[in-house]
There are 2 protein chains.
Amino acid sequence: METEFVARLLAAIPSDPRLDVPPGDDAAVLRPPAMRRTVVTVDMLMDGVDFILGDGCTPAQVGHKALAVNLSDLAAMAARPEAVVVAVALPRQDGDAIGRGLLEGILPLAEAHGVTLAGGDTNAWNGPLVVSITAIGSVAPGRAWRRDGAQVGDLLCVTGPLGGSILGRHLAVNPRCREAIAIAEAYEVHAAIDISDGLTLDVSRMMQASGTGAVLQLDAIPVHADAERLAAQATDGTSPLDHALGDGEDFELVLAMPAAEARRLAASSPDSIGTSVVVIGEVVAEPGLRARDAAGAVTPLTPRGYVHDFDA
Amino acid sequence: METEFVARLLAAIPSDPRLDVPPGDDAAVLRPPAMRRTVVTVDMLMDGVDFILGDGCTPAQVGHKALAVNLSDLAAMAARPEAVVVAVALPRQDGDAIGRGLLEGILPLAEAHGVTLAGGDTNAWNGPLVVSITAIGSVAPGRAWRRDGAQVGDLLCVTGPLGGSILGRHLAVNPRCREAIAIAEAYEVHAAIDISDGLTLDVSRMMQASGTGAVLQLDAIPVHADAERLAAQATDGTSPLDHALGDGEDFELVLAMPAAEARRLAASSPDSIGTSVVVIGEVVAEPGLRARDAAGAVTPLTPRGYVHDFDA
């Protein structure tokens, strides 16, 4: 059901040796890289939930974000991005302009990460904008980072400062694909997850999958300047650290690594892997999350973050 | 952002040797079959456009259709279905029940076609139900059916009767995957497309891609009993044949084949490939579509079918 949007999308991109059949057929035909596994992820973004179109948010920003969150999932697996397909439900009103705008956000990010646009499905309707991107990557056999591999004694690291993403970084998402691949090539990583819904919520997911718990060192958590600004603006008493712990949409990676490896990574030059990695806690046997403050006092920590909820 | 729907989806399916990492991680890790290409397609279905939930249409029927239209795209490439990922925007009201219903439609069809559910993304919102499925298949190198390979002198075949799908077949879609693979193994096919938007519209797309035209033999086109029923119900003067030419959502395949191969296929037992294939016309050098009636008179034929349109 490809039409104008996809036709323009496909016309806008150079031919790619990974594509066996020219774009625009019933399906794309890709040459999978030899001796690698195929990594697949999908994320759907909806107007009014993941962005609010028009409210300081352009279609190009939506296109960027829709691709970036998928690339972030590939980064969390240490996978190399290869191809994406894009499905959209465009509002009938201004659908053509919105489709063009989406492309303006998707294409530069795809090019920057060496991703080929392999196809798509475009639809018009009277509802809000919906964009669903499926990203396909590759990884050497047995080398994908899983979320269930954290081990007691591992240190937890994060690839950048957290909190306050709503001030703009929730749209200008910077997926850590190159950083992940650089780390995977030079360090031993037991488990990884990207922070989409909130540091504590996503760490708790990793711990639950691994059958472990975690103690976060509160004064070690890198707090983003946006979290400081947000706390200063608001009057609800939420601290910058609270924002770092629960805001989500940071799209940094949390890594569980053998302690010596984590210390080696945290001590490395940011130039070597593209960002500064900080140790924020350790993996323990006791399930659940706890926080240790600067004085050494340990208290339970309730996972917070964005939860997709339904009416019953 | 996987939550209840995907958790249940993943829990409901058996482990699959094609999955390298257990479902539920940031992305799925698949073992691509050796020596085969990867075939990828995506289709998004929206409430009010592709189905009307509640109006005689259950969530299970939507789930079935959403998977079936993707499998039909794989069939049109002669690809073997391997894996799917499912992204949904569930209405907050009754989202949980709708998610369960979708699965009841998806799982049996996935099992029937040997497809593994590799992952997904579930979201809740205040909008209508949206389901986007990405299907991944495989095909031997150089063996994918393309839509641009039709040659002058080829005969056009169709894999089943057409028209009137709105009476129920538009939901109970029967993707021609097994039939396509059986045909691909035993016959030479130059081009293929599935009939999603309408026979004449989809044939015109194949002809345009191939740089050819087509003459359809009107009295040879297999008209479905639903087209007869629909024409009898309506008072707008649309004939059963008109329905067969333009209704769409038949999800039969149109194949362009060397004449001798087409005749051999049309003469074969339905048991051998799973359906009766009928020759409906021929590929000619002159662009565009024309119709030949039983008396041999040839007239221009305007492609008709479903077009996704925008307000400018």
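Trainee: What is the right way to look at the relation of the copies chain A and chain B in this model?
Mentor: Both copies of the chain are placed relative to one another by a rotation about an axis and a shift along it. For the pair chain A and chain B, the best superposition has an RMSD of 0.0 Å and corresponds to a rotation of 180° with a translation of 0.0 Å parallel to the axis. Look at the turn and shift together and you get a two-fold axis relating the two. Of all interface residues in chain A, 99% are interface residues in chain B too; the two copies therefore contact each other through one and the same surface.

Trainee: When you look at the pairing of strand 7 (residues 191-194) of chain B in this model, what are you seeing that I'm missing?
Mentor: Regular strands have side chains that alternate between both faces of the sheet. Residue and element names in this part refer to chain B. Here strand 7 shows two buried faces, one formed by Ala191 and Ile193 and the other by Ala192 and Asp194. Where strand 7 and strand 9 (residues 253-257) come together, 4 bridges link them in antiparallel fashion. The residue bridging Ala191 from the neighbouring strand is Ala256, located in strand 9.

Trainee: Which parts of the structure should I look at to understand helix 3 (residues 95-112) of chain B?
Mentor: For an α-helix, the turn length of 3.6 residues means that residues three or four places apart are oriented alike. Helix length check: helix 3 of chain B, at 18 residues, gives a terminal C-alpha distance of 26 Å against a target of 26 Å (1.5 Å per residue), a fit within 8%. Within helix 3 of chain B the residues assigned to the buried category are Gly95(B), Ile98(B), Gly99(B), Gly101(B), Leu102(B), Leu103(B), Gly105(B), Ile106(B), Leu109(B) and Ala110(B).

Trainee: Got a minute to help me understand the sheet that holds strand 7 of chain B in this structure?
Mentor: Working definition: the strands of a sheet are paired by backbone hydrogen bonds and lie parallel or antiparallel to each other. Residues and elements named next belong to chain B. Taken in spatial order, the 7 strands make up an open sheet running 7-9-6-10-8-11-12, and their pairing is mixed. Two strands lie at the open edges of the sheet, namely strand 7 and strand 12 (298-300), each paired on one side alone. Neighbour-to-neighbour, the strand axes of this sheet turn through a mean angle of 25°, independent of strand direction.

Trainee: How should the interface of chain A and chain B be read in this particular structure?
Mentor: Bring the parts together and some accessible area is lost; that lost area is often taken as the interface size. If you look at the interface, chain A gives 70 residues, while chain B gives 70 residues. At the boundary of chain A with chain B, total buried surface from both sides reaches about 6,200 Å², with 58% on carbon and sulfur atoms. Across the contact surface, chain A and chain B share 6 salt bridges. For Arg37(B), the salt bridge identified is with Asp20(A), shortest N-O distance 2.8 Å.

Trainee: How do you make sense of the domain arrangement of chain A when you look at a structure like this?
Mentor: All names here are of chain A. Split into domains, chain A comes out as domain 1 (4-139) and domain 2 (155-300). The centre of domain 1, based on its C-alpha atoms, is set 27 Å off from the matching centre of domain 2. Opposite the 19 residues of domain 1 that make contact, domain 2 presents 17 residues. Connecting domain 1 to domain 2 are 1 salt bridge. Where domain 1 meets domain 2, there are 5 residue pairs in polar contact (both at pLDDT 80 or more). At the level of secondary structure, the elements contributing two or more residues to the side of domain 1 that touches domain 2 comprise helix 2 (59-75), strand 3 (80-91) and helix 3 (95-112).

Trainee: Is there a simple way to think about the nonpolar core in this case?
Mentor: Generally speaking, a soluble globular protein has its nonpolar side chains buried in company with each other. Core analysis: the biggest nonpolar cluster contains 57 residues, and Val131(A), Trp145(A), Ile183(A) and Leu255(A) have the highest contact counts within it. Filtering out sequence-adjacent residues up to four positions away, Ile183(A) remains in contact with Trp145(A), Thr159(A), Val189(A), Leu255(A), Leu265(A), Ile273(A) and Val277(A).

Trainee: Please explain the sheet that holds strand 7 (residues 191-194) of chain A as it appears in this structure.
Mentor: All names here are of chain A. Pairing within the open sheet is mixed, and its 7 strands lie in the order 7-9-6-10-8-11-12. Two strands in the sheet have a free side with no partner beyond their single neighbour: strand 7 and strand 12 (298-300). Averaged over all pairs of adjacent strands, the angle between strand axes in this sheet comes to 25°, irrespective of strand direction. In this sheet, strand 10 (residues 278-284) lies alongside strand 6 (residues 155-158) in antiparallel orientation, the contact comprising 4 bridges. When the sheet's bridge partners are listed, Cys157 is paired in strand 10 with Val279.

Trainee: Would you explain the packing of aromatic side chains in this entry?
Mentor: How two aromatic rings sit relative to each other is set out by the distance from centre to centre and by the angle between their planes. The final tally for this structure, using the stated rule, is 1 aromatic pair over all chains. With a centroid separation of 6.4 Å and an interplanar angle of 25°, the aromatic rings of Trp125(A) and Trp125(B) are classed as stacked. Of this pair, Trp125(A) sits in strand 4 (residues 116-125) while Trp125(B) is found in strand 4 (residues 116-125), placing the two residues in two different chains. Note on accessibility: Trp125(A) and Trp125(B) belong to one class, buried.

Trainee: Just checking my understanding: could you explain helix 2 (residues 59-75) of chain B for this structure?
Mentor: Helix length check: helix 2 of chain B (17 residues) gives 24 Å between terminal C-alpha atoms against 24 Å at 1.5 Å per residue, within 8%. With 13 of 17 residues buried, helix 2 of chain B is to be regarded as a mostly interior element.

Trainee: Teacher, can you tell me more about the environment of Gly274(B) here?
Mentor: Considering the arrangement of structural elements, one finds Gly274(B) in the loop between helix 9 (270-273) and strand 10 (278-284). Beyond its immediate stretch of four places on either side in the chain, Gly274(B) contacts Arg176(B) and Glu179(B).

Trainee: Help me understand the pattern of salt bridges, please; the structure alone is not making it clear to me.
Mentor: Pairing is possible between side chains of opposite charge, provided their charged atoms come close. Residue and element names in this part refer to chain A. Across all of its chains, the model carries 42 salt bridges over all chains by this definition. With its nearest N and O atoms 3.0 Å apart, the salt bridge here joins Glu249 to Lys65. With a gap of 184 residues between them, Glu249 in the loop between helix 7 (240-246) and strand 9 (253-257) and Lys65 in helix 2 connect regions that are remote in the sequence. Accessibility expressed as a relative area gives 17% for Glu249, which makes it buried. By relative accessible area, which is 1% here, Lys65 ends up buried. Measuring nitrogen to oxygen at the nearest pair gives 2.6 Å for the salt bridge that ties Glu282 to Arg292. Residue Glu282 is located in strand 10, and its partner Arg292 is located in strand 11 (residues 288-292); the two are separated by 10 residues in the primary sequence. Salt bridges here are not isolated pairs; linked through shared partners, they connect Asp16, Arg18, Arg80 and Glu82.

Trainee: Got a minute to help me understand the side chain of His243(A) in this structure?
Mentor: With respect to the secondary-structure elements, His243(A) resides in helix 7. Beyond its immediate stretch of four places on either side in the chain, His243(A) contacts Gly163(A), Gly164(A), Ala227(A), Leu230(A), Ala231(A) and Thr238(A).

Trainee: Just checking my understanding: could you explain unusual backbone geometry for this structure?
Mentor: With the exception of glycine, the majority of residues adopt a negative phi angle, and the majority of peptide bonds are in the trans configuration. Residues and elements named next belong to chain A. Look at Ala78: it is not a glycine, yet its phi comes out positive at around 60°. You can see Ala78 is positioned in the loop between helix 2 and strand 3. Residue Ala78 is classed as buried on the basis of its relative accessible area of 9%. Of note in this structure, Phe251 is not a glycine but carries a positive phi near 55°. Assignment of secondary structure puts Phe251 in the loop between helix 7 and strand 9. By relative accessible area, which is 2% here, Phe251 ends up buried.

The rules behind these values
Residues numbered from 1 in each chain as written. Chains lettered and ligands numbered in written order. Predicted model: local features only at pLDDT ≥ 70, side-chain atom pairs only at ≥ 80, totals over all residues. Heavy atoms only, no water. Least-squares fit on C-alpha atoms with pLDDT ≥ 70 in both. Contact = heavy atoms within 4.5 Å. Buried < 20%, exposed > 50% of the residue type's maximum accessible area, 1.4 Å probe, protein only. Helix = DSSP H or I, 4+ residues; strand = E, 2+ residues; numbered from the N terminus. Pairing = 2+ DSSP bridges. Expected span 1.5 Å × (residues − 1). Axes fitted to C-alpha atoms, helices over the stretch in contact; angles between N-to-C directions. Buried area = accessible area lost by both parts, 1.4 Å probe. Salt bridge = Lys/Arg side-chain N within 4 Å of Asp/Glu carboxyl O. Domains from an automatic or database assignment. Polar contact = N/O pair within 3.5 Å; in protein donor to acceptor, adjacent residues only side chain to side chain. Core = buried A, V, L, I, M, F, W, Y, C linked by side-chain atoms within 4.5 Å. Phe/Tyr/Trp six-rings, centres within 6.5 Å; stacked < 30°, edge-to-face > 60°.

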